Amino acid sequence: MTATTPEPPIRQPAGHVVAGAVFRDGRLLLAQRNRPPELAGQWELPGGKVEPGEEIEAALRRELREELGVEVRGGERLGVAVPLPGGRVLCAYRVELVAGVPKPLDHSALRWVDADELETIDLVAADRAWLTDLQEHLDR
Ligand SMILES: Nc1nc2c([nH]c(=O)n2[C@H]2C[C@H](O)[C@@H](COP(=O)(O)OP(=O)(O)OP(=O)(O)O)O2)c(=O)[nH]1
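Let us look at the structure shown here.

Reading guide: rules and limits
Residues numbered from 1 in each chain as written. Predicted model: local features only at pLDDT ≥ 70, side-chain atom pairs only at ≥ 80, totals over all residues. Near = placed C-beta within 6 Å. Helix = DSSP H or I, 4+ residues; strand = E, 2+ residues; numbered from the N terminus. Nonpolar A, V, L, I, M, F, W, Y, C, P; charged D, E, K, R; others polar. Buried ≥ 20, exposed ≤ 12 C-beta atoms within 10 Å, placed from the backbone. Expected span 1.5 Å × (residues − 1). Contact = placed C-beta atoms within 7 Å.

### Observations concerning the site of the ligand
The full set of residues close to the ligand is V17, A19, E44, L45, G47, G48, K49, L84, L90, V124, A126 and D127. For the shell around the ligand, the elements supplying multiple residues, two or more each, are β1 (16-24) and β4 (47-49). It is β4 that provides the largest number of residues to the shell around the ligand, a total of three residues. Residue composition of the shell around the ligand, grouped by class: seven nonpolar, two polar and three charged.

So, in structure tokens, the structure goes:
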């Protein structure tokens, strides 16, 4: 009889979280989280987890449609990939608003910020990695 080695556990590939950077008139759209308790009240780029087999741009379109009620296109990477606790990876993408007016369907509030406001607002910690990249597109 041959000894059998137990199969290693199947590892889920690290999940990808997409965040959309929408710019308008020198300002960036930020959304205020309402969950989980440790992030509630902080501001972030709208977005969320990519579903298995989903393309990045499709995930951005779906998440911003669900969260803001708008249609976007594009998806040029902006800044570094940020590792999140739990093995997920967070990336920001520049998207263009093509239809609709953003509404906080899944957040407490929305706000358009300029470069100075972005620096002082209570941004989710992970997103601070993109400060300089985001500010390049913003008015002071
Ligand atoms: N959407 C988004 N999530 C962020 C950002 N920065 C950051 O650390 N995160 C974290 C918070 C969460 O742990 C995770 C994404 O969660 P999410 O709640 O937005 O994703 P989702 O809409 O797919 O989630 P859910 O409804 O299934 O709970 O990434 C950001 O700028 N945008």
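Read on for the rest.
### Re unusual backbone geometry
Along the chain, R35 connects to P36 via a cis peptide bond; the corresponding omega equals -15°. Within the element layout of this structure, P36 appears in the loop between β2 (27-32) and β3 (43-44). Residue D25 is not a glycine yet carries a positive backbone phi of 50°. Residue classification places D25 among the exposed residues on the basis of 8 C-beta atoms within 10 Å.

### So, helix α1 (residues 56-68)
With 13 residues, α1 extends 18 Å from end C-alpha to end C-alpha; this agrees with the ideal 18 Å at 1.5 Å per step. Listing the buried residues of α1 in full gives A59, L60, R61, E63, L64, E67 and L68. Considering only its buried residues, α1 is in contact with β1, β2, β4, β5 (71-83) and β6 (89-99). In the stretch just after α1, G69 is the one whose phi turns positive, near 70°.

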